[in-house]
Amino acid sequence: MIDVKLQYEPIDIGEFFNKISNPHHGGNNLFAGTIRDITEDVQTTAIEYYAYEEMAIQELRSLAEEVESRFKADIIVVHRLGRLEVSDIAVLIGVSTPHRPEAYEGSRYIIEELKKRVPIWKKEFDHDKVRWGGIRDDGNH
Amino acid sequence: MNISRLETIEELKEELKRKYPSLANDVSQCKIAVDMTFKQDDDPLEAKQEIAVIPPVSGG
């Protein structure tokens, strides 16, 4: 089972946990990426997410299919779009497998690859200025 | 922009930089997707429905 989604409404964890629930599975990993208030010395108040939606769904589905075929996993990936405040859930990844190692590994793979290749962008509202992409390791200050 | 004589993704990026010099640095950081599939610089540029210039992504 794979379900990938972009949505403007807040993410209801229970709704998506129910989707990956499987009586044959004992490892159910839910990862929630949330809006952090401080990065280095920069204070963030809000983030707006934008996407090339059709391609983002296609890329998310392709990522989920990789993990599904490797681990026989059930997978949900849901990413928020629009304006989010501190502590809001921006992304929820659920991976359900018979045993826990694959659930952890699959979830980690999806979030790392999502950050590299899914066409979603953030516009970060910080105390000093607005940053497209936020503060990244490549020195986008 | 006429792209019919361009043969690779790399040539497309170079043409974009020539045509829009003020965006040259940005184009260097972008990836090209053809019909919603990311391409490498040395991939051939074939006539398709859509060519998208994708800035560095920042989801998650």
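Residues numbered from 1 in each chain as written. Chains lettered and ligands numbered in written order. Predicted model: local features only at pLDDT ≥ 70, side-chain atom pairs only at ≥ 80, totals over all residues. Heavy atoms only, no water.

Chemist: Help me out: how do you make sense of a nonpolar patch on the surface in this one?
Modeler: Taken together, the side chains of A:I13, A:F17 and A:L30 present a nonpolar region at the surface, about 210 Å² in accessible area. Structurally, A:F17 can be placed in helix α1 (residues 13-20). (Patch = residues over 30% accessible without salt bridge, like charges linked within 9 Å, V, L, I, M, F, W, Y side chains within 5 Å. Areas by Shrake-Rupley, 256 points an atom, 1.4 Å probe, with all protein chains shown as cover. Salt bridge = Lys/Arg side-chain N within 4 Å of Asp/Glu carboxyl O. Helix = DSSP H or I, 4+ residues; strand = E, 2+ residues; numbered from the N terminus.)

Chemist: Is there a simple way to explain the packing of aromatic side chains in this structure?
Modeler: Any aromatic ring pair is given by two values, namely how distant the centres are and how the planes are angled relative to each other. Residues and elements named next belong to chain A. If you walk through the whole model with that rule in mind, you get one aromatic pair over all chains. Ring geometry for Y50 versus W132: centroids 5.5 Å apart, planes at 45°, classification tilted. Pair noted here: Y50 is in strand β4 (residues 42-51) and W132 is in strand β9 (residues 130-132), with a separation of 82 residues, a long-range link. Under the relative-accessibility criterion, Y50 is labelled partly exposed at 37%. On the basis of relative accessibility, which here comes to 47%, the residue W132 falls in the partly exposed class. Looking at R70, its charged tip hangs above the ring of Y109, at a distance of 5.2 Å from the centre. (Phe/Tyr/Trp six-rings, centres within 6.5 Å; stacked < 30°, edge-to-face > 60°. Buried < 20%, exposed > 50% of the residue type's maximum accessible area, 1.4 Å probe, protein only. Lys NZ or Arg CZ within 6 Å of the ring centre and 35° of its normal.)

Chemist: Please explain the nonpolar core as it appears in this structure.
Modeler: Most often, soluble globular proteins keep nonpolar side chains buried together rather than apart. Counting 26 residues, the largest nonpolar core has A:Y49, A:I75 and A:V77 as the members making the most contacts within it. Those elements that provide at least two residues to this core are β1 (2-7), β4, α2 (53-71), β5 (74-80), β7 (89-97) and α3 (100-117) of chain A. Among the nonpolar cores identified, the runner-up in size contains nine residues, and A:M55, B:M36, B:F38 and B:A52 belong to it. (Core = buried A, V, L, I, M, F, W, Y, C linked by side-chain atoms within 4.5 Å.)

Chemist: Explain the packing of α2(A) against α3(A) here, please?
Modeler: Two quantities define a packed helix pair, namely the angle between the helix axes and the distance between the axes. Residue and element names in this part refer to chain A. In the contact formed by α2 and α3, the axes pass within 10 Å of each other and the chain directions differ by 155°. Taken together, the axes of α2 and α3 are roughly antiparallel relative to one another. In terms of crossing hand, the pair formed by α2 and α3 is right-handed. Between α2 and α3, the residues in contact are E59, L60, S62, L63, E66, V67, R70 and F71 and E102, E105, G106, Y109, I110, E113, L114 and R117, respectively. (Axes fitted to C-alpha atoms, helices over the stretch in contact; angles between N-to-C directions. Parallel < 35°, antiparallel > 145°, perpendicular 65-115°, else oblique. Left-handed = near helix turned anticlockwise from the far one by under 90°. Contact = heavy atoms within 4.5 Å.)

Chemist: What should I look at first to understand the sheet that holds strand β3 (residues 51-54) of chain B in this one?
Modeler: Pairing between the strands of a sheet is mediated by backbone hydrogen bonds and can be parallel or antiparallel. Residue and element names in this part refer to chain B. Judged by pairing direction, the sheet is antiparallel, and its three strands sit side by side in the order β2-β1-β3 without closing on themselves. Two strands lie at the open edges of the sheet, namely β2 (37-39) and β3, each paired on one side alone. Averaged over all pairs of adjacent strands, the angle between strand axes in this sheet comes to 35°, irrespective of strand direction. Summarising the sheet, strand β1 (residues 31-34) and β3 pair through four bridges and their orientation is antiparallel. (Pairing = 2+ DSSP bridges.)

Chemist: Please explain the interface of chain A and chain B as it appears in this structure.
Modeler: Size of an interface: often given as the accessible area lost when the parts come together. Across the contact, 20 residues belong to chain A and 14 residues belong to chain B. When chain A packs against chain B, the two sides together hide about 1400 Å² of surface, and 56% of this comes from carbon and sulfur. Considering only the side of chain A, the residues that lose the most area to chain B are A:Y52, A:M55 and A:W121, jointly responsible for 36% of the buried surface there. On inspection of chain A and its partner chain B, the count reaches zero salt bridges. Put simply, chain A and chain B have nine residue pairs in polar contact (both at pLDDT 80 or more) between them. Sorting the residues of the side of chain A that touches chain B by element identifies α2, β7, α3 and β8 (120-126) of chain A as the ones contributing at least two each. Considering every element that reaches the side of chain A that touches chain B, the biggest residue donor is α3(A), with five residues. Here the residues of the side of chain A that touches chain B sort into eleven nonpolar, three polar and six charged. (Buried area = accessible area lost by both parts, 1.4 Å probe. Polar contact = N/O pair within 3.5 Å; in protein donor to acceptor, adjacent residues only side chain to side chain. Nonpolar A, V, L, I, M, F, W, Y, C, P; charged D, E, K, R; others polar.)

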